[in-house]
Amino acid sequence: MCLAPAVAGAGRTPADRLATAAVEKLLHRGPDGYGVVGDGGSAVAMCRLRVRSRPSDTVPFAAPAGATAFAFNGEVYATGSGAWYGEGRVDVPLGGLDEAQGVDGHGPDALDGMYALLRRTPDGAIEVTRDPLGIKPLYLLRHRDGVAVASEIPALLELFGPSPVRPEAVTQFLMFGRVVDGGTFFEGIEPVAPGTRLLLKEGRVQQWSTGSAALPPVRPDTPAGPERIRAALARAVDRVLVSDRPLGLALSGGLDSTVLATELARRGVRDLSTVSVLPRGNGDGVRDLAALRLPGTSWQSWRHRSIDFGPDDLLDGIPDAVRSLGEPTALSSVPMYAALARLARESGIVVLLVGEGADEMFGGYRSYLGLGARADAADFYLSEERSALLRGLVGVPAHDAARDALLDALPAAAGRPVDDVVREFEYEHSLEPLLRRADHLLMAQGVEGRTPFLHGGLPALAASLPFGELVRDGQTKVALRQAYATELPHFLDEVKKPFRAPLDDWLTGPRAARVRAGLAGHRDRLEAAGLRPDALGGLLDGIAAGDATATGLAFPLLTLGAWLEWLAA
């Protein structure tokens, strides 16, 4: 698992020097060495967290002739016709160069993995490939002096000069908890869309092949019954277990991680390290493995560690969280996930299996239960209470521009049910932030995250199911629950406990004063970012009074303030 920055320059600073500066900002992602290949016109760099490649390999990887260099980030679990769908005969590439050449030589249908690949050819051109689900992050910087890509935004900041903050992105973030217009918080920096292939040459993006549709491609003749779902997930777990370094499993006590634990216990996996965060007051987390009711006895050899997490941990963790992400976040789970990543590292885990993707694939969020009653998809994302607060906080024109950005970003309804439109939108705008959270926070601790629910043909199988088979009769993830009803019957009626902090409890009462003081300390930065002073004062009063809408904005504003302070440092 490696970081892969690349620079194609047309300016005065040589590209190989810029690539070196970029990769040195991100050495936390690769403690097992780094290298740069290139010249003044273009260069690729890579730092390595060794999982499967040979310890003696130099990076970036070089083809046998030595003229082509590969910077590779991720894992390739299978190659071969139908690998994406979990079909046909597949090969498991060796680690390192073999994986990079596998991505280079196959289309997305013939690959199962998570990857971002840079291939520098003898003429200095750099070919860029990102996996179809965007499991591995990749960002593109465009500037008059050149272009660059990197796995994390901080590597790109100041590379060709300052990257100004986008005020419209700040408004979208406060309104929807994310940037929805396809950009980032910075001018000139954008995510490389999942499934995209780029050609960087002579300081410009010269070719751009867009990725597949947001929904994973499906086979029309493969109905996804319980047995097919179980078989696909079993195949995915088998694939993600390949590793030369210690494996671990993140446990929340919910359906997704318990299904993974069940699959591992069924295989008789022994001496596995497992980790869990126990947020105070929301019932999430695992303190004792016996509570999972796993099959067999191999799980009794597992080494389990858990850590309690409370309101002060949440607030104390905000500065480190925004530094790791390189942007503010509305996900209250981010400081909790950072604590999970630290616990994994302290437990000796290098490769951690996580449950990301299951909720998006199988309709796992309780908020989906009322989708059928919504007038349209925009109604699902637009809260009138928050809209009213935002009109005062950022002004009506900025508010309306953010609303229009959402309307432009939503897939065309074209007579489809609201739940189908929301489902398509969520693949990009809900799944991608969670994948980025897992990648950035785990890699900050030198741990690679793996996502079994996004492999083995499972995404295509889940996408073939109508939304009504996933969410119905007051329950979510119905198809997955039914697939494991024999081993885990108690989850048929379980109510999902989200992996997030209970902010209504944690940021009110005794800690309301600390929240107000924290926001007041960021007030100058927030006002400089476009927030109106009078409305900001009213928001602080609302938090003190326990107003739910105001309290709901407190955490995003705290992370926004901490991020602005980090940028100014």
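For the structure itself, consult the block above.
Given the structure is predicted, the values throughout are model-derived calculations rather than measurements.

What counts, and at which threshold
Residues numbered from 1 in each chain as written. Predicted model: local features only at pLDDT ≥ 70, side-chain atom pairs only at ≥ 80, totals over all residues. Heavy atoms only, no water. Core = buried A, V, L, I, M, F, W, Y, C linked by side-chain atoms within 4.5 Å. Buried < 20%, exposed > 50% of the residue type's maximum accessible area, 1.4 Å probe, protein only. Helix = DSSP H or I, 4+ residues; strand = E, 2+ residues; numbered from the N terminus. Contact = heavy atoms within 4.5 Å. Pairing = 2+ DSSP bridges. Salt bridge = Lys/Arg side-chain N within 4 Å of Asp/Glu carboxyl O. Expected span 1.5 Å × (residues − 1). Bend = angle between axes of the 7 residues up to and from the residue. Polar contact = N/O pair within 3.5 Å; in protein donor to acceptor, adjacent residues only side chain to side chain. Axes fitted to C-alpha atoms, helices over the stretch in contact; angles between N-to-C directions. Parallel < 35°, antiparallel > 145°, perpendicular 65-115°, else oblique. Left-handed = near helix turned anticlockwise from the far one by under 90°. Nonpolar A, V, L, I, M, F, W, Y, C, P; charged D, E, K, R; others polar. Phe/Tyr/Trp six-rings, centres within 6.5 Å; stacked < 30°, edge-to-face > 60°. Lys NZ or Arg CZ within 6 Å of the ring centre and 35° of its normal.

Trainee: Before we go on, may I ask you to explain the nonpolar core in this structure?
Mentor: Inside soluble globular proteins, nonpolar side chains tend to come together where they are buried. Ranked by internal contacts, the top residues of the largest apolar core, which has 73 residues, are Leu174, Leu352, Leu557 and Leu560. With 10 residues, the single largest contributor to this core is helix 22 (residues 548-568). Ignoring anything within four residues of it in the chain, the contact list for Leu557 reads Leu174, Leu519, Leu526, Leu531 and Leu539. By size, the runner-up hydrophobic cluster in this structure holds 71 residues, among which are Met175, Val240, Leu289 and Leu435.

Trainee: Could you clarify how one ought to interpret the pairing of strand 6 (residues 69-79) in this entry?
Mentor: Sheet faces and side chains relate simply in a regular strand, where the side chains alternate between the two faces. Strand 6 sits mainly inside the fold: 11 of its 11 residues count as buried. As paired strands, strand 5 (residues 61-62) and strand 6 are joined by 2 bridges and run antiparallel to one another. Among the inter-strand pairings, Phe61 is bridged to a residue of strand 6, identified as Phe70. Sheet analysis places strand 6 next to strand 7 (residues 111-120), joined by 10 bridges and oriented antiparallel. Counted as the bridge partner of Ala69 is Arg120 from strand 7.

Trainee: Help me understand the pattern of salt bridges in this model?
Mentor: Between side chains of opposite charge, a pair can form as their charged atoms come close. On inspection of all chains with the given rule, the structure shows 44 salt bridges. When salt bridges that share partners are traced, they join Arg230, Asp238, Glu263, Arg266, Arg267 and Glu487 into one network.

Trainee: Looking at this structure, I do not really get helix 22. What am I missing?
Mentor: In an α-helix, one turn spans 3.6 residues; hence positions three or four apart end up facing the same way. With 21 residues, helix 22 ought to run about 30 Å at 1.5 Å a step, and its terminal C-alpha atoms sit 31 Å apart, in line with that. The sharpest bend along helix 22 measures roughly 30° and falls at Ala554, with the proline Pro556 sitting one to four residues further on. For helix 22, the capping residue at the N-terminal end is Asp547, with a side-chain oxygen 3.2 Å from the backbone nitrogen of Thr549.

Trainee: Help me out: how do you make sense of helix 2 (residues 97-105) in this one?
Mentor: Listed in full, the buried residues belonging to helix 2 are Leu97, Glu99, Ala100, Gly102 and Val103. Packing partners of the buried residues in helix 2 comprise strand 5, strand 6, strand 7, strand 8 (126-130) and strand 12 (197-201).

Trainee: Sorry, what's going on with the sheet that holds strand 7 here?
Mentor: Whether parallel or antiparallel, the strands of a sheet pair through hydrogen bonds between backbone atoms. As summarised here, the arrangement of the 6 strands in space is 5-6-7-8-12-13, forming an open sheet in which the pairing is antiparallel. The sheet is open, and its two borders are formed by strand 5 and strand 13 (204-209), each paired with just one other strand.

Trainee: When you look at the sheet that holds strand 15 (residues 273-279) in this model, what are you seeing that I'm missing?
Mentor: Read across the open sheet, the 5 strands follow the order 16-15-14-17-18; overall the sheet is parallel. Of all the strands in the sheet, just strand 16 (303-309) and strand 18 (448-450) have a single pairing partner and so form its edges. Averaged over all pairs of adjacent strands, the angle between strand axes in this sheet comes to 25°, irrespective of strand direction. Inspection of the sheet shows strand 17 (residues 351-353) paired to strand 18 by 3 bridges, in the parallel sense. Opposite Leu353, over in strand 18, you have Arg450 as the bridge partner. Strand contacts of helix 5 (residues 255-266): strand 14 (247-250) and strand 17, with the helix running at about 145° to strand 14, the strand carrying the most contacts. Against the sheet, helix 8 (residues 333-346) contacts strand 14, strand 15, strand 16 and strand 17, and its axis sits at roughly 150° relative to strand 15.

Trainee: Looking at this model, I keep getting lost on unusual backbone geometry. Mind explaining?
Mentor: The omega torsion of the bond from Val59 to Pro60 falls at -10°, within 30 degrees of zero and hence cis. Structurally, Pro60 is set in the loop between strand 4 (42-48) and strand 5. The residue Asp473 is not glycine, and still its phi comes out positive at about 50°. Secondary-structure assignment places Asp473 in the loop between helix 16 (467-470) and helix 17 (478-483). Taking the relative accessible area as the measure of exposure, Asp473 reaches 74% and is therefore exposed.

Trainee: Could you clarify how one ought to interpret the packing of helix 11 (residues 384-394) against helix 22 in this entry?
Mentor: Any two packed helices are characterised by how steeply their axes cross, that is the angle between the axes, and by the distance between the axes. As a packed pair, helix 11 and helix 22 sit with axes 10 Å apart at the nearest point and diverge in direction by 65°. Classified by the interaxial angle, the pair formed by helix 11 and helix 22 is roughly perpendicular. By crossing handedness, the relation of helix 11 to helix 22 is classed as right-handed. Contact with helix 11, carried on its side by Glu385, Arg386, Leu389, Leu390 and Leu393, involves Thr549, Ala550, Gly552 and Leu553 of helix 22 and no other residues of that element. When its residues are assigned to classes, the contact of helix 11 with helix 22 shows 5 nonpolar, 2 polar and 2 charged.

Trainee: What is the right way to look at the packing of aromatic side chains in this model?
Mentor: Aromatic ring pairs are defined here through the distance separating the ring centres and the angle between the ring planes. Enumeration over the complete set of coordinates arrives at 9 aromatic pairs. Ring centres of Tyr368 and Phe467 lie 5.8 Å apart, and the angle between their planes is 65°; on these two criteria the pair is classed as edge-to-face. Here the residue Tyr368 occupies a position in the loop between helix 9 (358-362) and helix 10 (377-381), and Phe467 occupies one in helix 16, the gap between them amounting to 99 residues. A relative accessible area of 5% places Tyr368 in the buried class. On the accessibility criterion, Phe467 (6% relative accessible area) is buried. The ring centre of Tyr484 lies 5.1 Å from the NZ or CZ of Arg230, which sits over that ring.

By themselves, these figures tell us nothing about what the structure is for.
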